[in-house]
Amino acid sequence: MREKEEEWLGDIDPNVNALARYLTRQNNGVKVYEIKSYFHPDLKIEVHEMSDGSTYALDIDKRWYMV
């Protein structure tokens, strides 16, 4: 049996549902969902606050990163 390759945050599809699924897997199956999204005035990007207390955004190449 082959081990599953580890998935990285930057490899996740550039949509909030994919981010939530990834974070739920990382959180041992405890559901993570978006609390709110808004335009960050200093960063000049849309950011997504998640129920696990973390905040994420997409970079110019449409890859997720933690803000």
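Definitions and limits used
- Residues numbered from 1 in each chain as written.
- Predicted model: local features only at pLDDT ≥ 70, side-chain atom pairs only at ≥ 80, totals over all residues.
- Heavy atoms only, no water.
- Helix = DSSP H or I, 4+ residues; strand = E, 2+ residues; numbered from the N terminus.
- Buried < 20%, exposed > 50% of the residue type's maximum accessible area, 1.4 Å probe, protein only.
- Contact = heavy atoms within 4.5 Å.
- Areas by Shrake-Rupley, 256 points an atom, 1.4 Å probe, with all protein chains shown as cover.
- Lys, Arg positive; Asp, Glu negative; His and termini not counted.
- Charge placed at Lys NZ, Arg CZ, Asp CG, Glu CD.
- Polar contact = N/O pair within 3.5 Å; in protein donor to acceptor, adjacent residues only side chain to side chain.
- Salt bridge = Lys/Arg side-chain N within 4 Å of Asp/Glu carboxyl O.
- Pairing = 2+ DSSP bridges.
- Axes fitted to C-alpha atoms, helices over the stretch in contact; angles between N-to-C directions.

Caption draft 1: Region of interest: the overall build of the protein. Broken down by element type, the protein carries one helix and four strands. Reading the protein from its N end, one meets helices and strands in the order α-β-β-β-β. Considering only C-alpha atoms, the protein reaches an extent of 50 × 25 × 15 Å along its principal axes. Burial status across the protein gives 28% buried among its 67 residues. Considering only intrachain contacts with a sequence separation of at least 6, the fraction spanning at least 24 residues in the protein is 24%. Accessible area for the protein stands at about 5,200 Å²; split by element, carbon and sulfur atoms hold 49% of it. Treating the 9 positive side-chain charges of the protein as one cloud and the 13 negative ones as another, the clouds have centres 4 Å apart.

Caption draft 2: Geometry of the side chain of H48. Its location among the elements puts H48 in strand β2 (residues 45-50). Here the side chain of H48 touches E34 through a polar contact of 2.6 Å, side chain to side chain. Setting aside residues up to four positions removed in sequence, H48 forms contacts with V16, E34, K36, S37, S54, T55, Y56 and W64.

Caption draft 3: A look at helix α1 (residues 16-26). Those residues of α1 lying buried are A18, L19, A20, Y22, L23 and T24. At the N-terminal boundary of α1, the capping side chain belongs to N15, with an oxygen 3.2 Å from the backbone nitrogen of N17.

Caption draft 4: Main features of the pattern of salt bridges. Summed over all chains, the structure comprises three salt bridges. Ionic pairing is found between R25 and E7, a salt bridge with its closest N-O pair at 2.5 Å. Of this pair, R25 sits in helix α1 while E7 is found in the segment before α1, placing the two residues 18 residues apart along the sequence. A residue is classified by how much of its surface remains accessible, and E7, at 31% relative accessible area, is partly exposed. Look at the salt bridges and you will find they share partners, linking D59, D61 and R63 into a network.

Caption draft 5: Representation of the sheet that holds β2 in the model. In space, the four strands of this open sheet follow the order β1-β2-β3-β4, with antiparallel pairing throughout. Where the open sheet ends on each side, the last strands, each with one partner, are β1 (34-40) and β4 (64-66). Neighbour-to-neighbour, the strand axes of the sheet open up by a mean angle of 30 degrees, direction not taken into account. Both β1 and β2 contribute to a ladder of six bridges, which runs antiparallel. Bridge pairing in β2 links E34 to M50.

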